[in-house]
Each structure stands twice: as C-alpha cells, then as structure tokens.
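Reading the structure
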Amino acid sequence: LAGAGEVMMTAYTFDQPDEVDSLIRRPGVTRLLVDRGQSVGERTKLQRQSLLQVARAGIRVRLTAGSSIAEAYAGDRRGTAVGKSFKGIQHSKTFCRRGAEGAPSFLVVGSSNYTTSSRANVELGLLVSGPWEDAVERLWAVSDPRSLEGRTVRRRRRSRRGGA
C-alpha cells in the first residue's frame, strides 16, 4: 500500500512489535481505531504499551466498542442471558488508504489481529480498490474522541482474592 494519501487502520487487538514499528514508519498513517475492552484490560498484555508508542509517534488513537448486546438480541426477538450492560466489540481489521490527488483508494480487509499469537493462525486478507473511505470514516465518527488523545490509558486494578 505504498503511495501518497492518508491511512486509517482498525484493529481488535494490536500488540505485535513488527506491526507497531511498521505502522509508525509507514508514511501517511494518521489514525488507529481499536477495541476499548482489549485496550484497557489485561487480556492483550502489550496492547496498552503498543498504543502509547503509536500515539507518541503522532498517530491519533481512539478506543471504541460496539452497541448493546441485549438490544441486538431484543431486535431479533430473541432472549439472552447476557447482562444489560454488555456491549459488542470493535472487531474490524482494516487498513484503508485514501488516495491523494487522483491516486486510487485501497482497503485491506482481513481476519488477522495484529498480535504475535496471530502469526500461528490461518488468516485471510483481501485488497480492494475503490471508494471505501465512507465506511471506515463512519467507524471513526462514532468512536470516542477523548479515547487516547492527550491522556494515558490506565490499567484496570486486579482485585485480590484469597485468604491469608
């Protein structure tokens, strides 16, 4: 995806060191959108540090989540045991380049997370040429603009369980 133009990437998880370095070095990368739950918890151990590294390099990072899972089930007239406060996830994995001055726009859509463990998976990606910016821009528009810009992602405190 070499060439001029603005780049936005979306990820569910993002902690693979080579991908972090590649994103920082790639010209034109301006935005990264990732799942909030994976970013503020302990599930993906290096994601917090990876996002802070990317943000320090000048890439705008936002965290987002899906909508209410209970409402989705209710919309399909299905019951669910899922709690009312549970939300869906930001699960897209894309790399979108908006072409500059007549250059084509590209969208890479795939199944791979940008993590070390993904290297062991069977994954598939597809490169598509065309005007895909609007779809990716909608993801950015509904994300929290205060997510990571100008502040630190905090770790959740683990509760200590157990006896003496």
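Residues numbered from 1 in each chain as written. Predicted model: local features only at pLDDT ≥ 70, side-chain atom pairs only at ≥ 80, totals over all residues. Heavy atoms only, no water.

What follows covers the environment of Arg 98. If you trace the backbone, Arg 98 turns up in strand β4 (residues 94–99). Taking C-alpha positions, Arg 98 is 6.3 Å from Val 7, a pair spaced 91 residues apart along the chain. (Helix = DSSP H or I, 4+ residues; strand = E, 2+ residues; numbered from the N terminus.)

Next up on the list: the pairing of strand β2 (residues 29–35). Of all seven residues that make up β2, six are buried, and the element is covered over most of its length. Direction of pairing for β2 relative to strand β3 (residues 60–64): parallel, over a ladder of five bridges. Bridged to Asp 35 within β3 is Thr 64. (Buried < 20%, exposed > 50% of the residue type's maximum accessible area, 1.4 Å probe, protein only. Pairing = 2+ DSSP bridges.)

The next point concerns the packing of helix α1 (residues 17–25) against helix α3 (residues 47–56). Put simply, α1 and α3 touch, their axes get as near as 10 Å, and they point 15 degrees apart. Overall, the two elements α1 and α3 adopt an arrangement that is roughly parallel. The interaxial crossing formed by α1 with α3 has right-handed handedness. Contacts between α1 and α3 involve Val 20, Asp 21, Leu 23 and Ile 24 from the former and Ser 50, Gln 53 and Val 54 from the latter. Looking at the contact of α1 with α3 residue by residue, the classes come out as four nonpolar, two polar and one charged. (Axes fitted to C-alpha atoms, helices over the stretch in contact; angles between N-to-C directions. Parallel < 35°, antiparallel > 145°, perpendicular 65-115°, else oblique. Left-handed = near helix turned anticlockwise from the far one by under 90°. Contact = heavy atoms within 4.5 Å. Nonpolar A, V, L, I, M, F, W, Y, C, P; charged D, E, K, R; others polar.)

Before going further, it helps to spend a moment on the nonpolar core. Ranked by internal contacts, the top residues of the largest apolar core, which has 17 residues, are Met 9, Phe 14, Leu 23, Leu 32, Val 34, Leu 51 and Val 54. Ignoring anything within four residues of it in the chain, the contact list for Phe 14 reads Met 9, Glu 19, Val 20, Leu 23, Leu 32, Val 34, Gln 47, Ser 50, Leu 51, Val 54, Tyr 114 and Thr 115. The next biggest cluster of nonpolar side chains, apart from the first, holds six residues, and it includes Met 8, Leu 33, Leu 107 and Trp 140. (Core = buried A, V, L, I, M, F, W, Y, C linked by side-chain atoms within 4.5 Å.)

What follows concerns the pattern of salt bridges. Enumeration according to the criterion identifies three salt bridges in this entry. A salt bridge links Glu 6 to Arg 31, with the nearest nitrogen and oxygen atoms 3.7 Å apart. Of the two residues, Glu 6 is situated in strand β1 (residues 5–11) and Arg 31 in strand β2; the sequence distance between them amounts to 25 residues. Taking relative accessible area as the criterion, Glu 6 reaches 26% and is therefore assigned partly exposed. For the salt bridge of Asp 18 with Arg 119, the shortest nitrogen-to-oxygen distance reads 2.7 Å. One end of the pair, Asp 18, is in helix α1; the other, Arg 119, is in the loop between β5 (106–110) and β6 (125–129), and 101 residues separate them in sequence. By relative accessible area, which is 47% here, Asp 18 ends up partly exposed. (Salt bridge = Lys/Arg side-chain N within 4 Å of Asp/Glu carboxyl O.)

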